[in-house]
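Structure at a glance
One letter stands for each residue in the lines below.
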Amino acid sequence: MKRIYLLFATLAILLQACGEGVINVDDIEYQPKISIEGFLIPGQPVDNIKILRNFPVDANLNRLDLTLPTASVVITDLQDNSEHVMTYDPDRYTFYDAANSLAVQPQGSYRLDVSATIDGQSLSAHAETTVPSSGLDIVSVNYPSLQYRERDTNNNILNFKFDFQRSPGTTAYIMTAVATEAGESSFIYDNPFEEVEAEDVVDDLEDWRYESEWIQDLPAEAGVSSIELFWFDFWFYSEYQVVLFAVDKNYIDFYRTYEEVQEIDGNYHPPVFNIEGDGIGVFGSAVADTIMVNVTR
Amino acid sequence: MKYLRILCLLICWQCVALFAQNNGSLSGFVYDDSNGEALIGVNVYIPELERGSSTNVSGYYIIPKVPAGDYTLICDYLGYRTYTAKITILPGENTAVAVRLSVDLVQGETVEVVADSVRVSRKLYEKEISKIELSAAQISRIPQVAEADLLRSLQTLPGILPVSDYSTALYVRGGTPDQNLYLLDGTDVYNPEHAFGLFSTFNTDAIKHIELSKGGFNASYGGRLSSILDVINLDGNREQFEGKASISLLSAKTTLQMPLGESGAISGSLRRTYFDQTVARAIDEIPDYYFYDGNVKAFWEVNPKNKITASFYGGRDVLDLVFNNEATDQAGFTLDWGNRTGSVRWTRVFNPQLFANFWVTGSRFSSNFDLGETIPVTERNFVSDITVKGNLEYHYSPKWLMKFGFEQKNLHMTYEQTFPGGSVDVDQRQTSVIGYLQNNWRPTPNWDIEGGIRYSYFSSEKDFNDIAPRFSAKYRLTETINLKAASGVFYQYLHRIPQTFASDIWTTSNQYQDQSKATHFILGFQKEVANDYQFEVEGFYKEYMNIYRFNQNFITELQPGRRMPNGDPVYTNTLGLFHSGDGESRGVEMMIRKDVGSVTGWLGYSYSDTEYQFEDINNGENFAPRHDRRSTVNMVANIDIKNAMRAMRGDLQHQDRGRWTLGLNFVYASGQPITTPGSGYLISDGPGAPDVELEYFPGETNAYRLPYYSRLDLSLNYRRQFTTWTMEPYLQVFNIGNRKNVWFVDYDFDNGNSDISTVNMFPILPTVGVNFTF
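Residues numbered from 1 in each chain as written. Chains lettered and ligands numbered in written order. Predicted model: local features only at pLDDT ≥ 70, side-chain atom pairs only at ≥ 80, totals over all residues. Heavy atoms only, no water.

A look at the overall build of chain B
Put simply, the rule reads: Think of it this way: any DSSP run of H or I at least four residues long counts as a helix, any run of E at least two long counts as a strand, and we number them from the N terminus. Any two residues whose heavy atoms approach within 4.5 Å at even a single point are treated as in contact. Accessibility throughout is a Shrake-Rupley quantity obtained with a 1.4 Å probe, and a residue counts as covered only by protein chains that appear here.
When helices and strands are tallied, chain B shows 6 helices and 49 strands. C-alpha atoms of chain B, sized along the principal axes, occupy 95 × 70 × 50 Å. Sequence separation of 24 or more characterises 65% of the internal contacts of chain B that already satisfy a separation of 6 or more. Element-wise, carbon and sulfur atoms account for 57% of the exposed surface of chain B, whose accessible area totals about 29500 Å².

Quick notes on a negative patch on the surface
Basically, it comes down to this: Like-charged residues within 9 Å of one another, or nonpolar side chains (Val, Leu, Ile, Met, Phe, Trp, Tyr) within 5 Å, are grouped into patches, provided each residue has over 30% relative accessible area and no salt bridge. Each reported salt bridge corresponds to a side-chain nitrogen of Lys or Arg within 4 Å of a carboxyl oxygen of Asp or Glu. This count recognises Lys and Arg as positive and Asp and Glu as negative, with His and chain-terminal groups excluded. For this purpose, a charge sits on NZ of Lys, CZ of Arg, CG of Asp or CD of Glu.
A contiguous patch of negative charge on the surface is contributed by A:Glu194, A:Glu195, A:Glu197, A:Glu199, A:Asp200, A:Asp203, A:Asp204, A:Asp207, B:Asp284, B:Glu285, B:Glu326 and B:Asp691. The element contributing the most residues to the negative patch is helix H2 (residues 198-203) of chain A, with 3 residues. Residue placement: A:Asp200 occurs in helix H2.

A word on the pairing of strand E15 (residues 238-247) of chain A
All names here are of chain A. We apply this condition: We call a residue buried when its accessible area falls under 20% of the maximum for its residue type, exposed when it is over 50%, and partly exposed in between, using a 1.4 Å probe and counting protein chains only. When DSSP locates at least two bridges between a pair of strands, those strands are taken to pair.
Of all 10 residues in E15, 8 are buried, a share of seventy percent or more. As paired elements, strand E12 (residues 172-179) and E15 share 8 bridges and run antiparallel to each other. Bridged to Thr 176 within E15 is Val 243.

Brief notes about the sheet that holds strand E12 (residues 180-184) of chain B
Residue and element names in this part refer to chain B. Formally: An axis is simply a line fitted to the C-alpha atoms; with a helix, the fit covers only the stretch in contact. Between two such axes, the angle follows the N-to-C directions and lies from 0 to 180 degrees.
As summarised here, the arrangement of the 5 strands in space is E9-E16-E17-E12-E13, forming an open sheet in which the pairing is mixed. If you trace the sheet from one side to the other, it starts and ends with strand E9 (131-135) and strand E13 (187-189), each paired once. On average, adjacent strands in this sheet sit at an angle of 25° to one another, irrespective of strand direction.

Overview of the sheet that holds strand E3 (residues 51-54) of chain B
All names here are of chain B. What the 4 strands build is an open sheet, ordered E3-E2-E5-E6; its pairing is antiparallel. This sheet does not close on itself; its edge strands, each paired only once, are E3 and strand E6 (83-89). For this sheet the average axis-to-axis angle between neighbouring strands, irrespective of direction, equals 25°. Note that strand E2 (residues 43-46) and E3 share 4 bridges and pair antiparallel.

Structural notes on the confidence of the model for chain B
Parts of the model with low pLDDT should not have their predicted coordinates read in detail. Residues and elements named next belong to chain B. Stated precisely, the cut-off is as follows: A score between 0 and 100, pLDDT records how confident the predictor is in each residue.
Confidence along chain B averages 90 in pLDDT terms, with 95% of residues attaining 70 or more. Note on residues 9-20: pLDDT is under 50 here. Beyond four places in sequence and across chains, it has 17 contacts. In the model, residues 108-115 has pLDDT below 50 throughout and makes 19 contacts with residues more than four positions away in sequence or in other chains.

Some thoughts on the side chain of A:Arg256
Rules: Nitrogen and oxygen atoms within 3.5 Å of one another constitute a polar contact, given that in protein one can donate a hydrogen and the other can accept it, and given that sequence-neighbouring residues count only through two side-chain atoms.
Along the polypeptide, A:Arg256 turns up in helix H4 (residues 249-257). On the accessibility criterion, A:Arg256 (11% relative accessible area) is buried. A polar atom in the side chain of A:Arg256 sits 3.0 Å from the side chain of A:Asp253. The residues touching A:Arg256, leaving out its near neighbours within four places in the chain, are A:Trp214, A:Gln216, B:Ile555 and B:Thr556.

Some remarks on H4(A)
The element H4(A) is largely enclosed, with a buried count of 8 among its 9 residues. Among the residues making up H4(A), those that are buried are A:Asn250, A:Tyr251, A:Ile252, A:Asp253, A:Phe254, A:Tyr255, A:Arg256 and A:Thr257.

Quick word on the domain arrangement of chain B
All names here are of chain B. To be explicit about the condition: Bear in mind that the domain bounds are from an automatic or database domain assignment. When two components associate, each loses some accessible surface as probed by a 1.4 Å sphere; the sum of these losses over both components is called the buried area.
The domain boundaries assigned to chain B delineate domain 1 (21-118), domain 2 (131-228), domain 3 (229-671) and domain 4 (672-704). Of the roughly 380 Å² buried between domain 1 and domain 2, counting both surfaces, carbon and sulfur atoms make up 55%. Broken down residue by residue, the surface that domain 1 buries against domain 2 is led by Glu 37, Ile 40 and Leu 78, which jointly contribute 69%. At the junction of domain 1 with domain 2, the criterion picks out 1 salt bridge.

So, the packing of aromatic side chains
Two measures describe an aromatic ring pair: the distance that separates the ring centres and the angle between the ring planes. How we decide: When the centres of two rings from Phe, Tyr and Trp lie within 6.5 Å, Trp using its six-membered ring, the rings pair. Their planes under 30 degrees apart give stacked, over 60 give edge-to-face, and anything left gives tilted. Comment: the charge-over-ring label is applied if NZ (Lys) or CZ (Arg) is within 6 Å of the ring centre and within 35 degrees of the ring normal.
A complete count under the given rule lists 69 aromatic pairs over all chains for this structure. Look at A:Phe164 and A:Tyr173: their rings are 4.9 Å apart centre to centre, the planes differ by 50°, and that puts the pair in the tilted class. Each member of the pair, A:Phe164 together with A:Tyr173, is buried. Ring plane angle 5° and centroid distance 4.9 Å describe the contact between B:Phe458 and B:Tyr493, whose orientation is recorded as stacked. Of this pair, B:Phe458 sits in strand E28 (residues 447-459) while B:Tyr493 sits in the loop between strand E30 (481-492) and strand E31 (494-497), and the two are 35 residues apart along the sequence. We note that B:Phe458, like B:Tyr493, is buried. The lysine or arginine in question, B:Lys389, covers the ring of B:Trp359, its NZ or CZ lying 5.2 Å from the ring centre.

Some points on the interface of chain A and chain B
To be explicit about the condition: Residues are grouped as follows: nonpolar covers Ala, Val, Leu, Ile, Met, Phe, Trp, Tyr, Cys and Pro; charged covers Asp, Glu, Lys and Arg; every other residue, Gly included, is treated as polar.
Taken together, the contact pairs 87 residues of chain A with 82 residues of chain B. Taken together, both faces of the contact between chain A and chain B bury some 7000 Å²; the carbon and sulfur share is 58%. When the buried area of chain A at its contact with chain B is split by residue, A:Ile23, A:Val57 and A:Tyr268 rank highest and sum to 10% of it. Inspection of the region where chain A meets chain B yields 1 salt bridge. The partner of A:Asp265 in a salt bridge is B:Arg626, with the nearest N and O atoms 3.4 Å apart. For the interface between chain A and chain B, the tally reads 27 residue pairs in polar contact (both at pLDDT 80 or more). Those elements that provide at least two residues to the side of chain A that touches chain B are helix H1 (2-16), strand E1 (34-40), strand E2 (50-53), E12, helix H3 (205-209), strand E13 (210-215), H4 and strand E17 (279-296) of chain A. Element by element, the count of residues in the side of chain A that touches chain B is highest for H4(A), at 7 residues. Class assignment of the residues belonging to the side of chain A that touches chain B gives a composition of 45 nonpolar, 19 polar and 23 charged.

Thoughts on the domain arrangement of chain A
With domains assigned, chain A is organised as domain 1 (30-130) and domain 2 (137-246 + 286-296). A C-alpha centroid distance of 30 Å is found between domain 1 of chain A and domain 2 of chain A.

Spelled out as structure tokens, the structure:
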């Protein structure tokens, strides 16, 4: 009898130690949210406010309409409390200031109010941004053109370094670089990171051609600082449009945290959005300056 | 000073009083007869008086105030033959008996309870509550990944959990790994891990003894909230040269011991991984990585009252990674990290009643990361700890034992990081001064009451003064049943910043982070079953205050402490790095354990429930941490196959020249909580980005439970005894059922369709190796 018990116990252990853990996605609770992406820049029209819905992790995106064309989107100029109702553009899937009544000003404060219905639930969200002050100016760049991984006489790799006048009161800056001649023929295949096939370049062209760097906690007062674009920011032998943004706290908080939500053990944590209510994403502002550089073979 | 004088007078008075009476005392050291190693935790007992003691960390015992007369002395220790001797205690004198225990090669299937053995229940009674002792042999018999590992072995015990197969970190009774104090020969070890946490720094071949206290530890220990792991390495064989060599798929290692003259011995160990020299040379994708570690320990017995022991440890991991081996102009990074520790201990028997250990210890951890020419990013992490401490025991009477001690710790922690547009430069020096007093009172042979107090002064940018009371009680309810209870307050001044890739960074309480505090309440029940089974049940409740979790969004809250000449920020403090909160853990652990016979091992069950409350996490609502597992079943068995079959047939067991041993390790654990992405959304990759990306927004913190975890490991060893040496090849299979235990869930969309997959833990991992002893 004792041996039979032993046999059953052994079999039970063996069975228990086989198989696989199964995830039941139905147990993951989905909460509808309004996804907001709004970015105000003085001197530019307000024509690209993206208001979408979020979706369950097991959704079929081919069948789910993410747009919210009936959403109410209002930006209030907090200087004079004037309300500017945004209009849905069905061609670009964005909201814009059809009346062109909102002129974004440096140091101006603006409030975005969004309400929409998702899956039968009435949701609303709001956020405020204060536009950085003017004065941002790219003063110089050390090299207008560099070969990919070009080295100096000491064998150090050379990078683009941009000196700029800071926007007073702003401590965070983002620099973006967009390849203007991106394509499979101009891709840098002999890079030290990974082997890339031409078809992968075509498939993810927009990903490859856009890169960005950021710096934070610079002095708030006016003065000159530097930011670099590094050799690994470039994936094409191309001219690049480089834009330096002095961004508000909403945008830099979002930018530094929205992608870094999964930890090494797979666990997720929320990013910093600075949006109240049922919204996720960002409503921020910036002042900008642009320069062109060239990466050659 | 006044109190010190009173204490000295008291001690002197007691010494005089001792010899003025018609009593004597019995004291001495207990050694392993084969190699002269002092044995820790040996039960020493005089049955006629029902009085006993156990050897301390130096192998020393004393039974004071024994009425003059003739008695039987019994010494009993796992794996050794019971020692019995007739002794005579003379009035006013100390009888010194040095005991040498012989190794018991075959222990019988059952232990007959006779006058010349110490009952299992008494051994359990002598043990402190929540304390677990394991020998190196027990550790090495548990099947593991690649080779025996101390921390992985401890994860098979109830109340001690891993967070995944990929980590040796210990989560003890709901506590986190930074709440465990790791001591190696009395020295603090700060990051005890190799290979990014896959293996621990402790070479099991060099270990003599380990003690793990899961909570309620006495006043001589402190500085951590959850547990104390005290690892003592081999002193060295003082009788003859002895060696051990092993090779596994992971590493090659050797341990050598030899006498140093008549009164000392030395032992040394060395281990190094070798796949960088073998597999990595053939396969380009495998990075150039290795680790090594080594120990040297020596002692010199100056005279029977003085002994000097020196112990050193050093280990390092080295990684040199190239991103793309095919590139004509390569780039990569280098990373190395490791510990160095050293201690010198003076063991002094002032008189038979007053025993002391004085230590000077040093511990240093450093790590270096350099991205080379890829980007100007470097990181240097350094921890230095110089400690002077003393632990004294005063055995006033059979009923009263007093322990007291002091410790001064000087810490130096630096963390430097350079990156484009800023740097981190943290340089902290802290001092802590500790004093403790502990009184152990045994009013009757069946009661053991211990009260203690530990005072801590910690000085960093802010000073902390804390008094931590401790209490425990043991009661022998019947011949086979013990009841135990303990409670205490524990403070911790060190906080850990986990890193994704490199080793953790340590920082301390300061003006931004207060000291952490925990209070433990433990109740225990022990029963001897069928003479040689130990059955233990413990219930615990732990309350945490001011515990810290790393703020994953810390970068949004950093504030520079100063600026470089060009205005770039230099971060010099820990502001914004942590979330602060409280928590509690509660649970019950059960274990039935058998240490003798042809089948040894344990079966354990633990129920645990941990909840945190942090103002900045989960909207201030309670949540379970990632390591919380409600139910865990552990089964570890080691079967001497031939003797087990003999036992089943009722035949006499004996030691074979060739011995087959089957090892088994089974674990079942209910699912861990995890935060899942509650939803996905589309958003641009940055200002002016031409395309949108799919991102995830998390749901409620740790609200989802992963599927249960289960695993069976097996090992088969064959030990062959030759005239002067032995050989023991082994086969180990980790996760023999190849169960796909989920580590976490990966979410993606492929052409608009949801693609959810699991990232699993280790699959089936067979490994082979061979051990030699000579």
